[in-house]
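Structural description and commentary
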Amino acid sequence: MLRRLLPLPAVFLALGMFAVPLLTPERADAHGPTRQKITLTAEVAAAPGEVWAAIGNFQDMSWHPAVHETTGDGGNEIDATRVLTLGEAGGPTISEVLYKYNSDKMTYSYRITDVKVEVLPVTNYSSHLTVKPGKNGGSLVEWRGAFYRGYPNNDPPENLNDEAAIAAVSAVYKAGLDALEARFSAN
Amino acid sequence: MRLKPASRQTRAAPVLTPGFCRTLGRPLRLRFLWLAFVTATGCLPAFAPAIAGSFAFVTNQNSSDLSVLDLVQRLELRRIPVPGKPAGVAVAPGLGAFYTVSPDSKTVRAFSLVTCEEIASVKLPGGPTGIAVDPVSNRVFVSDWYNARIFVLHGSDLKWVSELPAGSAPAGLVVSADGSWLASADRDADQVSIFDLDSMTLKARIDVGVRPFGLNLDPQGRLHVANVGTDTVTVVDPITAEVLGTVSVGARPYGVAFAGGKGFTTDQYADTVSIYSLETLEPLGKIDVGEYPEGIGTAINGELLVSTNWFSNTVSLIDPHEQVVLGEIETGDGPRAFGNFILETPTGERPCAPD
């Protein structure tokens, strides 16, 4: 689903290949006036432990259909980093840092440290991924995000406004949760 | 006579008059004793003092409304529609009003504290964000995030008076208790601007940490500026323009409040309230609160801290002495409460024309 949202012109391929993880340009934290938030959940037909085993490793985002490759440092320790390559080798990237991790509670929290707004039209993005007990011994997977729109200045263009940011993040979450549902429904 | 404290207060003092909040309230423990007496005897002595009220006016940015919370009874009194994603808020008992700033619609509104009805509004250019009220001159200050300036408006009708030149991306504003100066946290300039309000001129610019956003005035008159980029609070003497110290707090500090000789910050990314000593400026610990804590204020004469949880849609009620969370009250979606959002009514008046 994410892939459909992503135009992949050569310029982004190039930017993606040469993007330096964690190098935050000055004032990358500038943002719009209203922080947005979304929560998406999915019932997954597998025990929480089983689902957490599939998605609880910060260094392995392969369960998400839009992610081609995950590389990173620091395992599941606080301040661990990862770079997600989207779509295909050389595709656009998203750099992220882990800031909370609790395997007992089956939850982790991370922030995006570097992404082009053309890839995901958000700034100051933070997110929590949690597995909770669900119905009939299954799981409830909850994915929450907090972020500002992609356009940090006043009066944003339509493709970088609040609605665009919510739509894009919702699409990413839905694609991941749909994939989990499908993966475990086959059991 | 059987009574609920709230209904008695309503009959005793239905009208909020300007300045009603200026006298000191009674200490909490005395009020508890008195409540116990009333409850036990079921009667109200004629000489009994009114029960002080304490209320929070919480802007819910994502649901575009405002929750009026009764902090003594721990319930939501009223939900008031405020279009345009409000975040900034300023309660001004001296003017009998509270003010909101909706950055999406660029609208500042004034509401009556008595009726909670809108009494004035103005649409501003740029990016109105933070708001503070001068209790002496009754002027209202609104920061313009996108144009490095501060609007000066009349408190009664929100008519434009003048503008002050801030640094880049001014956010939080605070006015001294005597109305002599105004400070703005200029986020993208990593500084605080201080303006003399008699001459309406820029008095000083002080370098603080990275990306200061929220700020507040401690009981000694010192400025505490929360720097979201460095996870610190810079303490500034607003008169001499000196930096007095820097405190390490939790990740992404947003709001600052004070009680019992301590400072408290809301740490957006840590889901904690950090505590530090106002005497030594040393960290004293942390309290777990809800998700994405934002606005924080002191209520019930320093006996209660109120912090909003932007993601959880609640406020946390914290005992600042024991440093524990006493409970929560639900709000609308996305509570911000960016500014002075607490109303104390020592003689028990209740806002919003209670029934």
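Every value quoted in this text rests on a predicted model; they were computed, and no experiment measured them.

To continue, consider the side chain of B:Thr232. Residue and element names in this part refer to chain B. Position of Thr-232 among the secondary structure elements: in strand β18 (residues 232-237). By relative accessible area, which is 11% here, Thr-232 ends up buried. Within the structure, the side chain of Thr-232 is placed 3.0 Å from the side chain of Thr-230, a separation counted as a polar contact. With residues up to four places along the chain from it excluded, the contact list for Thr-232 reads Val-225, Ala-226, Asn-227, Thr-246, Val-247, Ser-248, Val-249 and Pro-253.

Here we come to the interface of chain A and chain B. Taken residue by residue, the interface counts 28 residues in chain A and 28 residues in chain B. A combined buried area of about 2300 Å² lies between chain A and chain B, and 40% of that area is made up of carbon and sulfur atoms. Across the chain A-chain B interface, the total number found is 5 salt bridges. In this structure, B:Glu291 and A:Arg144 form a salt bridge, with 2.5 Å as the shortest nitrogen-oxygen distance. Where chain A touches chain B, the interface holds 17 residue pairs in polar contact (both at pLDDT 80 or more). Secondary-structure elements contributing two or more residues to the side of chain A that touches chain B are β1 (36-44), β4 (93-102), β6 (122-133) and β7 (139-149) of chain A. No other element matches the 5 residues that β7(A) contributes to the side of chain A that touches chain B. Grouping the constituent residues of the side of chain A that touches chain B by class yields 7 nonpolar, 11 polar and 10 charged.

On to helix α3 (residues 48-55) of chain A. Residue and element names in this part refer to chain A. Every buried residue of α3 is accounted for by Pro-48, Val-51, Trp-52, Ala-54 and Ile-55. One face of α3 carries all of its buried residues, which in axial projection span an arc of 160°. Those residues of α3 that are buried are in contact with β1, β4, β5 (107-114), β6, β7 and α4 (162-185).

As a further point, take the packing of α3(A) against α4(A). All names here are of chain A. The N-to-C vectors of α3 and α4 enclose an angle of 125°; their axes lie 12 Å apart at closest approach. Put simply, α3 runs oblique to α4. Seen from above, α3 lies across α4 with right-handed handedness. Residues Glu-50, Val-51, Ala-54 and Ile-55 of α3 pack against Leu-180, Arg-183 and Phe-184 of α4. Of the residues contributing to the contact of α3 with α4, the split by class is 5 nonpolar, no polar and 2 charged.

Counting 39 residues, the largest nonpolar core has A:Ile55 and A:Trp143 as its most contacted members. Within the residue set of this core, elements represented by two or more residues are β1, α3, β3 (81-86), β4, β5, β6, β7 and α4 of chain A. Here the element with the most residues in this core is α4(A); it accounts for 8 residues. When residues no more than four places from it in sequence are discounted, the contact partners of A:Ile55 are A:Trp63, A:Tyr108, A:Leu129, A:Val131, A:Val141 and A:Leu180. B:Leu69, B:Val82, B:Phe111 and B:Ile342 belong to the second-largest nonpolar core, a separate cluster that totals 28 residues.

Here we come to the sheet that holds strand β7 (residues 118-123) of chain B. Residues and elements named next belong to chain B. Across the sheet, which stays open at both edges, the 5 strands sit in the order β7-β6-β5-β4-β28 with mixed pairing between neighbours. The open sheet terminates on both sides in strands that have one partner only, identified here as β7 and β28 (338-340). Put simply, the sheet's adjacent strands are angled 10° from each other on average, direction ignored. Where strand β4 (residues 88-92) lies against strand β5 (residues 97-102), 5 bridges are found, and the strand directions are antiparallel. Looking at the pairing, Val-91 lines up with Phe-98 of β5.

All right, on to the pattern of salt bridges then. Applying the stated rule across the entire model yields 19 salt bridges over all chains. For B:Lys106, the salt bridge is made with A:Asp155, and the minimal N-O distance between the two is 2.7 Å. Linking B:Lys106 in the loop between β5 and β6 (107-112) with A:Asp155 in the loop between β7 and α4, this pair reaches from one chain into another. Looking at B:Lys106, the relative accessible area reads 14%, which means it is buried. Between B:Glu76 and B:Arg79 there is a salt bridge, with the nearest N and O atoms lying 2.5 Å from each other. Residue B:Glu76 is classed as partly exposed on the basis of its relative accessible area of 26%.

Rules used throughout
Residues numbered from 1 in each chain as written. Chains lettered and ligands numbered in written order. Predicted model: local features only at pLDDT ≥ 70, side-chain atom pairs only at ≥ 80, totals over all residues. Heavy atoms only, no water. Helix = DSSP H or I, 4+ residues; strand = E, 2+ residues; numbered from the N terminus. Buried < 20%, exposed > 50% of the residue type's maximum accessible area, 1.4 Å probe, protein only. Polar contact = N/O pair within 3.5 Å; in protein donor to acceptor, adjacent residues only side chain to side chain. Contact = heavy atoms within 4.5 Å. Buried area = accessible area lost by both parts, 1.4 Å probe. Salt bridge = Lys/Arg side-chain N within 4 Å of Asp/Glu carboxyl O. Nonpolar A, V, L, I, M, F, W, Y, C, P; charged D, E, K, R; others polar. Arc of directions from axis to C-beta. Axes fitted to C-alpha atoms, helices over the stretch in contact; angles between N-to-C directions. Parallel < 35°, antiparallel > 145°, perpendicular 65-115°, else oblique. Left-handed = near helix turned anticlockwise from the far one by under 90°. Core = buried A, V, L, I, M, F, W, Y, C linked by side-chain atoms within 4.5 Å. Pairing = 2+ DSSP bridges.

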